[in-house]
Amino acid sequence: MSKIKPSKGAPYARILGVGGYRPTRVVPNEVILETIDSSDEWIRSRSGIQTRHWANAEETVAAMSIEASGKAIADAGISAEQIGGVIVSTVSHFKQTPAVATEIADKLGTDKAAAFDISAGCAGFGYGLTLAKGMIVEGSAEYVLVIGVERLSDLTDLEDRATAFLFGDGAGAVVVGPSKEPAIGPTVWGSEGDKSETIKQTVAWNEYDSSTDKFPAITQEGQAVFRWAVFEMAKVAQQALDAAGITPSDLDVFIPHQANERIIDSMVKTLKLPEHVTVARDVRTTGNTSAASIPLAMERLLATGEAKSGDTALVIGFGAGLVYAATVVTLP
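My aim in this report is to walk through the structure given alongside it, one point at a time. (Residues numbered from 1 in each chain as written. Predicted model: local features only at pLDDT ≥ 70, side-chain atom pairs only at ≥ 80, totals over all residues. Heavy atoms only, no water.)

1. Brief notes about the sheet that holds strand E12 (residues 278–279)
Line of reasoning, step 1. Judged by pairing direction, the sheet is mixed, and its 5 strands sit side by side in the order E8-E14-E13-E11-E12 without closing on themselves. In the strand order of this sheet, the two ends are held by strand E8 (188–191) and E12, each with one partner.
Line of reasoning, step 2. Note: strand E13 (residues 312–319) against strand E14 (residues 323–330), 8 bridges, orientation antiparallel. What sits directly across from phenylalanine 318, in E14, is tyrosine 324.
Line of reasoning, step 3. The strands that helix H5 (residues 124–138) touches are E8 and E14; relative to E14, the one it contacts most, it runs at about 55°. (Pairing = 2+ DSSP bridges. Helix = DSSP H or I, 4+ residues; strand = E, 2+ residues; numbered from the N terminus. Contact = heavy atoms within 4.5 Å. Axes fitted to C-alpha atoms, helices over the stretch in contact; angles between N-to-C directions.)

Rendered as C-alpha cells:
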C-alpha cells in the first residue's frame, strides 16, 4: 500500500479573471499590400482580417504578458502573491532558456511561483488551461496564471502572399482558481504529427544562414490547413460538447482560435450552432495571434458586453503540430 498522502486540492477549477494587451500600432491591410501582390478585398474575403496589431521594440513577449496578466489578476480580485503557477504558451520567445514565464512571475510579484513555457502553437492556451486545472485540483497551486502571448510579426515573411496578412501580436491571460462546481469541462486534445509539415518554420535556428537565408518565418499550406480545421476540428468541438454533457443549444458563446473568419463560419455551420450563440470574431481587427487569440477574444467579448459572466462557452484552439485542444468553460 502506498504511503503517499492523497492530494488536497479544490474539487473543481474555474476561470476567475481575464486580461488582454494589444500593441499600440494598428496595421491596416494597406501596409501589407506594400510588399505583396494582392488587394484589401482579397484579404478580407479570404480571412476576414481588416487590421492587426504589431509590437514595437518595448512591447516584448514579457512586457505584453505582464500587462495582460495584471489586468487578469485585478479582474480575479486576488493579489499576485497568491499566484502559485505561471504557464506561458508562446512560439515567439526567441530564448530557448530560461523560460520567459520565470521573468514574468518575478516582475508580477508572485511568491516564487512555479513557472514554465509550453510550445503548442495555436492550441497553446487550451493546453495551458488544462494544465492549470490539473494543478488546482491536484493541490499544487491555489491560483494559476495562464498566458498566451505572441510577437508573430517577428516570424512573418512580408513577401509571402499566403501568410503576410495573417499574423498579429498580443497577449491574453486568465487566472484559474478553485471552484465548488464544474466550470472547466474535460479537455479533448491531441496531435497529428503526420501533418506537421503543413504549418512550420521555414528554416531551423541551427540551419539558418544570415548571409543566404531570409530570417526564419512561419509558412503553411493554406488549403490543407483549411480543410483540416473545418472538417476535423468541428468533430473535436463536438466531442468537447459531448464530454461536458451539453448540446450546441446549451451554449451561450463560441470562442474558436482566431485563424480565419472563413474557418470560423464553416465550423459554426458544421456544428449547427443556434443563432443565439455569440461567436467571437476578434480576427477581424486583431489577426491571427496564435496562442493569444482565444484569451484576447474572450476578453473583448466580455469588455464589449457581447458575452457576460457565467455564460457557457466552447473554446477550441488548433494549429502547428498539428495540435488541438477544446473544452467548455464558464466565463468569469
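2. With respect to the side chain of serine 290
Line of reasoning, step 1. Position of serine 290 among the secondary structure elements: in the loop between helix H8 (283–286) and helix H9 (293–304).
Line of reasoning, step 2. Look past the residues within four positions of serine 290 in its chain and what remains in contact with it is Gly121, Cys122, Glu150, Leu152 and His257.

3. Structural notes on the pattern of salt bridges
Line of reasoning, step 1. Within this structure, the stated rule accounts for 16 salt bridges.
Line of reasoning, step 2. A salt bridge links arginine 44 to aspartate 40; the nearest nitrogen and oxygen atoms lie 3.0 Å apart. A residue pair is termed a helical-turn pair when its members lie 3 or 4 positions apart in one helix, as arginine 44 and aspartate 40 do in helix H2 (residues 40–47) at 4 residues.
Line of reasoning, step 3. For aspartate 40, a relative accessible area of 22% corresponds to the partly exposed category.
Line of reasoning, step 4. One salt bridge in this structure joins aspartate 194 and lysine 195, with 3.6 Å as the shortest N-O distance.
Line of reasoning, step 5. Overall, the relative accessible area of 67% leaves aspartate 194 in the exposed class.
Line of reasoning, step 6. Through salt bridges with shared partners, a single ionic network connects Arg22, Asp282, Glu299 and Arg300. (Salt bridge = Lys/Arg side-chain N within 4 Å of Asp/Glu carboxyl O. Buried < 20%, exposed > 50% of the residue type's maximum accessible area, 1.4 Å probe, protein only.)

4. Side note on the pairing of strand E4 (residues 83–89)
Line of reasoning, step 1. In terms of residue burial, E4 counts as a mostly covered element, since 6 of its 7 residues are buried.
Line of reasoning, step 2. Judged from the 6 bridges that link them, E4 and strand E6 (residues 143–151) form a sheet pairing that is parallel. In the sheet register, glycine 85 faces E6, and the bridge partner there is valine 144.
Line of reasoning, step 3. In the sheet, E4 pairs with strand E5 (residues 114–118) via 5 bridges, with the strands oriented parallel. Note on E5: the bridge partner recorded for isoleucine 87 is phenylalanine 116.

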